[in-house]
Amino acid sequence: MLIVFWGKQKYVTIKPQETSSGPVADGLWTRCPSCSSLLYTKELTKNLNVCNRCSYHFRMGAWDRVKHLLDSESFQEMDRDLEGGNPLGFSGYEEKLANSREKTGLTEACLTGEGRLSGYQLVFGAIDFGFIGGTMGTVVGEKVCRAFEYALAKRLPVVMVSAGGGGARMHEGILSLMQMAKTSQAVERHSQAGLLYICVLTDPTMGGIYASFASLADVILAEPRALIGFAGPRVVEETIRQKLPSGFQRAEFALNNGMVDAIIERKELRKVLTRLLLYHDGGGRQSC
Amino acid sequence: MLNGVFEWEKPLVELEKKIEELRRFTKEEGIDFSAEIATLESRAENLRHDIYSRLTPWQKVMIARHPRRPTCLDYIELIFDDFFELHGDRTIRDDPAMVGGIALLEGRPVTVIGPQKGKDTKDNIARNFGLPHPEGYRKALRLMRQAEKFHRPIISLIDVVGAYPGIEAEQRGQGVIIAENIRQMSFLKVPIICVITGEGGSGGALAIGVGDRILMLENAWYSVCSPEMCAQILWKDTKKAVEAAQSLCLTAQDLLAWKIIDEIIPEPPGGAHRDHEAMAMTLKEALLRHLQELEARPADELVAKRLDRYRQIGVVW
């Protein structure tokens, strides 16, 4: 049973799960935001950014996902040159894009390409939270779409690792919202051809990304404690003016409510994906 | 806003009152004021044009939220000959924030769906301020699938600031049902006309907003989220909503330029709330015109064109 408290304050500050998008890069040591242990950063990286004391899963960049999940040297990036502008002329957007590019080394919040996972040929995509919160604007929408279209043409399965913190990107207004329709349609056309799509929901997968392609996979996996939902917890809290129950919108909450198929620890993820690909005979089809 | 009159239209409303008084006086006392009335009428006309042709995005947002703006059920009553409301999502409950059913448009059966705002505080509480839960969207989807089965066109009247952000809504998969609606609407083999009648906010609007024709009322707004939420997320300050409304390019005129919508439906001067009947008749004419065009097309062609429309959005490479 959920215990909720009637809050008297209008606004309540929610403690973020962590303050940075990953382990503190400039230090030898990183403090785990969950158990407060001081972790040797090199060890933490070796342990796939998972705390070896409490198994807290730190966020992971898109390229680290490629390195972790795909066979070495197998990944061929697609559409790297796809760069958008500032269609609405939203103030400060260009600087934000430039900063994100410098910080992440990515051209946009979504990295897509073709590669192999335990020998299985597939199309792989990952969203990077470090790039404007992993939000979806026109470029992310277009890249996701092209990835599914390429997979459809080549009759390949798709594995997506999502982490869209803010969902649809504000700075591109209605054009961002429309990417939800565009990507959902690309997923469905891929699905109608009998091809497999697995999505891994990582911290955080919210808003327009959750309410489109991330929710439409054949199998939906989630990393432990990942924040998953439509409305952000702060918006929910301000709307209902109640303190949120502990664990609200975490992966375990999503599993209990029937929104994901399984919660998989990061160190098991590659093995689980391999099993699922095996069950689907690779997830693609030789002929149509 | 006082008594439903916005600050910026006060001079006009006072002038209109004066004209009304003179008219009544003419009628009751038998004194001829027609010359005075004509002068004031022409002054009012100029003022009307002056005020309403220069509305800022934020003023439009205010008009779209006017408490007397026609709701979904108002349009249904004024536009259609008959309406039979259908309830429930067949899973949890009936969501009063979303209505839907079968209606007759000039004698032809159509399925109508739309979020329903309340008329007053009590009604608004019952309707959850027009913010649907997942079961509301599931009901809409059920009725749309039913429309496809019986080859009925779908008319979606959209006035929603967003899907309800609450604990139960999240438990029951608000995000999942929105994705599911978007996916299924995209492939339905019947004509779909969506009309943004007031507010079009976020996935809560898009979940009933994928179609062959997207129409929008002159003072409606449609965007990735409400100006308040945009200001909150980007600047942690809801007071910057006016600025956000400007930045988001959320007016019908902006959206027509982006080709997100197909047509702007003109509103009576000052907004739809000032003349429900006139507004409904203008909208009815547009619905009939678009429906006639769409019904002449084979279903497969409809779906192919619909997909192509969305595929092109945001392609500038």
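Not measured: the values here are computed from a predicted model.

This part covers the nonpolar core. In terms of nonpolar packing, the biggest core is built from 150 residues, with F124(A), L221(A) and Y222(B) touching the most fellow members. If you tally residues by element for this core, the top one is helix 5 (residues 173-192) of chain A, at eight residues. Apart from the residues within four sequence positions on either side, Y222(B) is in contact with I174(A), L177(A), M178(A), I196(B), G200(B), A205(B), L206(B), M216(B), L250(B) and L255(B). Grouped together as the second largest cluster of nonpolar side chains are 13 residues, F6(B), I19(B), L55(B) and I63(B) included.

Turning to the pattern of salt bridges, a few remarks are in order. Applying the stated rule across the entire model yields 47 salt bridges over all chains. With its nearest N and O atoms 3.2 Å apart, the salt bridge here joins D79(A) to R146(A). Taken together, the positions of D79(A) in the loop between strand 3 (76-78) and helix 3 (93-104) and R146(A) in helix 4 (residues 138-154) put the pair 67 residues apart, joining distant regions of the chain. D79(A) gets classed as partly exposed once you look at its relative accessible area, which sits at 24%. The salt bridge partner of E301(B) is R297(B), with a shortest N-O separation of 3.8 Å. The class for E301(B) is partly exposed, based on a relative accessible area of 33%. One network of salt bridges, in which partners are shared, links D79(A), E142(A), R146(A), E149(A), K182(A) and R311(B).

Moving on: the interface of chain B and chain A. On the chain A side, the residues contacting the 48 residues of chain B number 54 residues. Across the chain B to chain A interface the summed buried area is about 4400 Å²; carbon plus sulfur atoms make up 72%. One can count three salt bridges joining chain B with chain A. With its nearest N and O atoms 2.6 Å apart, the salt bridge here joins R311(B) to E149(A). Joining chain B to chain A, the criterion identifies ten residue pairs in polar contact (both at pLDDT 80 or more). Put simply, the parts of the chain that give the side of chain B that touches chain A at least two residues each are helix 7 (167-171), helix 8 (174-187), helix 9 (202-206), strand 7 (221-223), helix 10 (227-235) and helix 14 (299-311) of chain B. Counting residues per element, the side of chain B that touches chain A draws most heavily on helix 8 of chain B, which supplies ten residues. Classifying every residue of the side of chain B that touches chain A by side-chain character gives 29 nonpolar, 13 polar and six charged.

Of all residues in chain B, 99% attain a pLDDT of 70 or more, and the chain-wide mean is 95. Per the prediction output, this complex has pTM 0.92; the corresponding ipTM is 0.94.

This next bit is on the packing of aromatic side chains. Applying the stated criterion across every chain yields a total of nine aromatic pairs over all chains. Measuring from centroid to centroid gives 6.3 Å for F90(A) and W235(B), while their planes differ by 25 degrees, and the two rings are stacked. With F90(A) in the loop between strand 3 and helix 3 and W235(B) in helix 10, the pair connects residues from two separate chains. Since its relative accessible area comes to 24%, W235(B) is described here as partly exposed. With 5.8 Å between their ring centres and 35 degrees between their planes, F25(B) and F33(B) make a pair best called tilted.

All names here are of chain B. Here strand 5 (residues 192-201) lies mainly inside the structure; ten of its ten residues are buried. Pairing between strand 5 and strand 6 (residues 213-217): four bridges, direction parallel. Its bridge partner being in strand 6, V195 is matched across the sheet by L215.

Calculation criteria
- All residue numbers here refer to positions counted from 1 along the written sequence of the relevant chain.
- Lettering for chains starts from A, numbering for ligands starts from 1, and both go in the order in which the items are written.
- Two thresholds apply to this predicted model, a pLDDT of at least 70 for residue-level local features and 80 or more for giving and counting side-chain atom pairs, whereas whole-chain, interface and lining totals are computed over all residues.
- Values reported for side chains reflect all heavy atoms of the structure, with hydrogen atoms and water molecules removed beforehand.
- What is meant by a nonpolar core is a set of buried Ala, Val, Leu, Ile, Met, Phe, Trp, Tyr and Cys residues, joined one to another through side-chain atoms within 4.5 Å.
- For the exposure calls, accessible area comes from a 1.4 Å probe over protein chains only, and a residue counts as buried if that area is under 20% of its type's maximum, exposed if over 50%, partly exposed in between.
- For helices the rule is a DSSP run of H or I covering at least 4 residues; for strands it is a run of E covering at least 2, with both sets numbered from the N terminus onward.
- Pairs of residues are marked as contacts when any of their non-hydrogen atoms sit within 4.5 Å.
- The salt bridge definition used is simple: a Lys or Arg side-chain nitrogen within 4 Å of an Asp or Glu carboxyl oxygen.
- Summed over both partners, the accessible area (1.4 Å probe) lost when two parts come together is defined as the buried area.
- Polar contacts here mean pairs of N or O atoms no more than 3.5 Å apart (in protein, one a potential hydrogen donor and the other a potential acceptor; neighbouring residues in sequence count only if both atoms are side-chain atoms).
- Residue polarity follows a fixed list, in which Ala, Val, Leu, Ile, Met, Phe, Trp, Tyr, Cys and Pro are nonpolar, Asp, Glu, Lys and Arg are charged, and the others, Gly among them, are polar.
- On a scale of 0 to 100, pLDDT captures the predictor's confidence in every residue.
- Two rings belonging to Phe, Tyr or Trp (six-membered ring only in the last case) form a pair when the distance between their centres is within 6.5 Å. Interplanar angles under 30 degrees mark stacking, angles over 60 mark edge-to-face geometry, and anything in between is tilted.
- Note: two strands are recorded as paired if DSSP finds a minimum of 2 bridges between them.

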